[in-house]
Amino acid sequence: MNHLQQDTPDSFLETADIETSSADYASRFSGSVGKYFLKQQQNITLNFLKTQPRTSVLDVGGGHGQLALPLADHGFSITVTGSDDICGQRLADRMGTRPYTYQTCDNLHLPFADDSFHTVISFRLLPHVEQWQQLIAELCRVASHSVILDYPDARSFNILYRLLFSFKKAMEGNTRTYTMFNRTQLKKAFAANNFAAPAFAPEFFWPMVLHRKLKNPQISRVLEQPARLLGLTSLFGSPIILHSHKLPKTTDTTATEARS
């Protein structure tokens, strides 16, 4: 592993990834149900990347290792950022001897040149960041080809979020507040950064808290299958993994002709 440090976290405005890199957060994805969640997330992400094998990937706020680990195993060149050195220390435990680079930095002002990485990913971060437009702008800036991220969609059981949050917290114990998004919001955010209309891949129809309480991936798969076949997951599923690619830069032909 290469470990680089750029700044002190005292100056960083967004440090939500410290929590998502923690052992407590990792416990939300432990056991057979946790593996079921992570496998679904991994499969969708790898499907988006299937035509770009072994490209460079920047994982912003990825100290949780949920995707850095499987992507490294699939031959991708991985760089991970975190807003505190502790994120890199926890990641090192999970990555073992796999090759990767970690850098402590400000996730809203990434220390990389434009188009530095083929693909930029960011998971478990967007809904916990107040300056989410700035985060998306940075992801798009350093990506030469595409951006992949996940988020909770408002067009789902999340519509009951405010009513059921206390119930959800009582059931899960270590859940926390988050921001929901709709597809139009995110389409506009990516368009503003010269990226194409995203592809949206919902992971589950039924709330993840239900699957956690069932504690049986086989039952969860049985529950999810009809919703997927009927198109309900596509319409109302959450969380969603979004994939968008950079558009070619346009040239001002009028200005070019005027100079000639």
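The rules behind the values
Residues numbered from 1 in each chain as written. Predicted model: local features only at pLDDT ≥ 70, side-chain atom pairs only at ≥ 80, totals over all residues. Heavy atoms only, no water. Helix = DSSP H or I, 4+ residues; strand = E, 2+ residues; numbered from the N terminus. Buried < 20%, exposed > 50% of the residue type's maximum accessible area, 1.4 Å probe, protein only. Contact = heavy atoms within 4.5 Å. Areas by Shrake-Rupley, 256 points an atom, 1.4 Å probe, with all protein chains shown as cover. Core = buried A, V, L, I, M, F, W, Y, C linked by side-chain atoms within 4.5 Å. Salt bridge = Lys/Arg side-chain N within 4 Å of Asp/Glu carboxyl O. Pairing = 2+ DSSP bridges. Axes fitted to C-alpha atoms, helices over the stretch in contact; angles between N-to-C directions. Nonpolar A, V, L, I, M, F, W, Y, C, P; charged D, E, K, R; others polar. pLDDT = per-residue confidence, 0-100.

### Notes on the overall build of the protein
Right, so step 1: Check the secondary structure of the protein and you find twelve helices and eight strands.
Right, so step 2: The buried share among the 260 residues of the protein stands at 50%.
Right, so step 3: Put simply, of all contacts in the protein between residues at least 6 apart along the chain, 77% involve residues at least 24 apart.
Right, so step 4: Summed over all atoms, the accessible surface of the protein reaches about 12600 Å², with 55% contributed by carbon and sulfur.

### Digging into the nonpolar core
Right, so step 1: The biggest cluster of nonpolar side chains holds 30 residues, and the ones touching the most others in it are Val120, Leu126, Ile136, Val147, Leu149 and Tyr151.
Right, so step 2: Elements that contribute at least two residues to this core include exactly strand S2 (56-60), strand S5 (117-122), helix H6 (132-142), strand S6 (143-151), helix H8 (183-191) and strand S8 (240-245).
Right, so step 3: Residue contributions to this core peak at six residues, all from H6.
Right, so step 4: Residues contacting Leu149, with those up to four places away along its chain left out, are Ser122, Phe123, Leu126, Ile136, Leu139, Phe190, Ile240, Ile241 and Leu242.
Right, so step 5: Ranked by size, the runner-up nonpolar core spans 22 residues in total, among them Leu67, Ile78, Phe123 and Ala201.

### Some thoughts on the environment of Tyr25
Right, so step 1: Within the secondary structure layout, Tyr25 lies in helix H2 (residues 23-26).
Right, so step 2: A C-alpha to C-alpha distance of 8.2 Å links Tyr25 and His64, two positions 39 residues apart in sequence.
Right, so step 3: Beyond its immediate chain neighbours, meaning those up to four positions away, Tyr25 contacts Glu19, Thr20, Gln66 and Arg124.

### Section: the pattern of salt bridges
Right, so step 1: Under the definition given, this model contains six salt bridges.
Right, so step 2: The residue Asp114 makes a salt bridge to Arg141 at a minimum N-O spacing of 2.9 Å. On the criterion of sequence distance, the pair formed by Asp114 in the loop between strand S4 (101-104) and S5 and Arg141 in helix H6 is long-range, its members being 27 residues apart.
Right, so step 3: Put simply, Asp115 and Lys246 hold a salt bridge, and the shortest N to O gap is 2.7 Å.

### Quick look at the pairing of S5
A regular strand places its side chains so that they alternate between the two faces of the sheet.
Right, so step 1: Most of S5 is tucked away, with six of its six residues classed as buried.
Right, so step 2: Pairing between S2 and S5: three bridges, direction parallel. Bridging across to S5, Leu58 finds its partner in Val120.
Right, so step 3: Examined bridge by bridge, S5 and S6 share five bridges and lie parallel to one another. Directly across from Thr119, in S6, lies its bridge partner Ser146.

### Some points on the packing of helix H3 (residues 31-48) against helix H10 (residues 217-229)
Right, so step 1: Close contact between H3 and H10 brings their axes to 10 Å; oriented N to C, the two are set at 35°. When H3 is examined against H10, the residues Ser32, Val33, Tyr36 and Gln40 are found in contact with a partner set consisting of Pro217, Ser220, Arg221, Glu224 and Arg228.
Right, so step 2: Among the residues making up the contact of H3 with H10, the classes are represented as three nonpolar, three polar and three charged.

### Overview of the confidence of the model for the protein
Right, so step 1: Confidence in the prediction of the protein, expressed as mean pLDDT, is 89, and 84% of residues score 70 or more.
Right, so step 2: With pLDDT under 50 throughout, residues 252-260 is counted as low confidence; its partners more than four residues away or in other chains account for zero contacts.

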